[in-house]
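Observations on the model geometry
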Amino acid sequence: MAVLRIFDRLGDRKNMARNRMRYLVNDMGWEKFQNLVLKERAIVRSTQSVITLLEVDHTPNEIKRPIRISDESGVPTSDGYARWLKTNTVKQKQSGYRSIFITLEAGDITANQLNALADLIRDYSSEGKARFGFVQNVALRYVYEDDLPHLYSKLLESGLAKSGALTMTAPIGCSGTTSCNLALTNSHRLAKEIQRKLLELKFDEDDDLRDSSIKISGCPNSCAQHGIATIGFFGGGGRVGKDMYANYQMSLGGRSDGDTMLGQTCLRVPAKRVIPVILKIIELFKQNKKSDDTLQSWIHRVVNNNEDSEIKSINDIKKVLEPLVIPPTKEEDPDFYLDYGNDTSYHTKTGKGECAA
Ligand code: SF4
């Protein structure tokens, strides 16, 4: 909080391209910055509200409020429960507890859902808090395994029980043209469309796809971290004569684990062809995979030219996909020239950004 307040006061708002913490620290010097933070921290502490003070948790891993509010008897479990349990929860090393993950479509949550979430945190998480994650989801830890069917029925009531939180069917989409001035495409809406389609196909239950990811940025600035996605996209514009359409640069093979690497550029995919292209990649994988392959491990071999099946390199994938990305004329398919979530002609007009991106 102290650092944020200093940056808010002293950041360079005239020259937005330099409005970054690193420039501020460099300009004032490390020691002066440290001293300022220490002073500011004292102010933050002394002006903290009573409510905030009560919330300060100095032992984050200690289970402070163990509760058991339900037993399994009499709690109806719907057909989706087993699917949700498999794709949205993780057994904790602490006996009897699971962490549960709520997937939100591209990070969107309503005010009513936030209220419902607050109740769920109080009633089901023994640590009494939730965490927002890097992948646009919410995590509740220390939930009693016995309480899971009851919790699931509560999540269903508030529209928060979508399955697939820990799988490839929960893509990340930055805000895109829904609210970002720098956006070139509606990456936010595209992420929702992909999630709906992949869940409809029950891909969340497919163990071969579990460790892969899809991330979509609305421009090259990478707020959705597309570079480390198994299948990553960043937005731009394409053109047929005078008509423009939303177009994404696709990269394959990015990852952020022990074999961390940036995805390799594959080809440009029009927004309205992104879903067919993803499905085709999955089909190619299923046709060529070895028995213990996941999509991530197969793509990793392909982009590193270590694959010995019919698809040996990223160029082989590109050749198969190229027929899918040929733009039709506007007369043939007017919808192709509208971005997702928009019913007017596509254009690439951007405004002044709110950050240095
Ligand atoms: S600047 Fe960031 S949030 Fe905005 S469209 Fe680009 S990647 Fe998305």
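Residues numbered from 1 in each chain as written. Predicted model: local features only at pLDDT ≥ 70, side-chain atom pairs only at ≥ 80, totals over all residues. Heavy atoms only, no water.

Here we take up the packing of aromatic side chains. Taken as a whole and judged by the stated rule, the model has 11 aromatic pairs. Ring geometry for Phe233 and Tyr248: centres 6.2 Å apart, planes at 85°, overall edge-to-face. Linking Phe233 in strand S7 (residues 231-240) with Tyr248 in strand S8 (residues 243-252), this pair joins segments that are 15 residues apart in sequence. Put simply, the rings of Tyr81, Trp84 and Tyr152 touch in pairs and so form one group of aromatic residues. The ring of Tyr340 has Lys272 lying over it, and the distance from NZ or CZ to the ring centre is 5.0 Å. (Phe/Tyr/Trp six-rings, centres within 6.5 Å; stacked < 30°, edge-to-face > 60°. Helix = DSSP H or I, 4+ residues; strand = E, 2+ residues; numbered from the N terminus. Lys NZ or Arg CZ within 6 Å of the ring centre and 35° of its normal.)

Here the structure, examined in full by the defined rule, presents 31 salt bridges. Between Glu127 and Arg141 there is a salt bridge whose closest N-O contact spans 2.8 Å. One end of the pair, Glu127, is in the loop between helix H6 (111-124) and strand S3 (130-132); the other, Arg141, is in strand S4 (residues 137-144), and 14 residues separate them in sequence. Neither residue differs from the other here; Glu127 and Arg141 are each classed as buried. For Lys280, the salt bridge identified is with Glu283, shortest N-O distance 3.2 Å. Of the two residues, Lys280 and Glu283 both sit in helix H9 (residues 274-288), 3 residues apart, roughly one turn of that helix. Residue classification places Glu283 among the partly exposed residues on the basis of a relative accessible area of 38%. Among the ionic contacts, a cluster of salt bridges with common partners joins Lys290, Asp293, Arg301, Glu307 and Asp308. (Salt bridge = Lys/Arg side-chain N within 4 Å of Asp/Glu carboxyl O. Buried < 20%, exposed > 50% of the residue type's maximum accessible area, 1.4 Å probe, protein only.)

The ligand sits among Cys174, Ser175, Cys180, Leu182, Ala183, Ser217, Gly218, Cys219, Asn221, Ser222 and Cys223. Grouping the amino acids of the shell around the ligand by side-chain chemistry returns 6 nonpolar, 5 polar and no charged. (Near = heavy atom within 4 Å. Nonpolar A, V, L, I, M, F, W, Y, C, P; charged D, E, K, R; others polar.)

Counting buried residues along S8, 10 of its 10 residues qualify, which places the element largely inside the surrounding structure. Burial along S8 is two-sided: Asp243, Tyr245, Asn247, Gln249 and Ser251 facing one way and Met244, Ala246, Tyr248, Met250 and Leu252 facing the other are all buried. Relative to S8, S7 runs antiparallel, the two sharing 10 bridges. Counted as the bridge partner of Gly232 is Ser251 from S8. The hairpin formed by S7 and S8 contains 2 residues between the paired strands, and Gly241 there has a positive phi angle of roughly 60°. Sheet topology note: the S8/strand S9 (residues 264-270) ladder contains 6 bridges and is antiparallel. Paired with Leu252 across the bridge in S9 is Gln264. (Pairing = 2+ DSSP bridges.)

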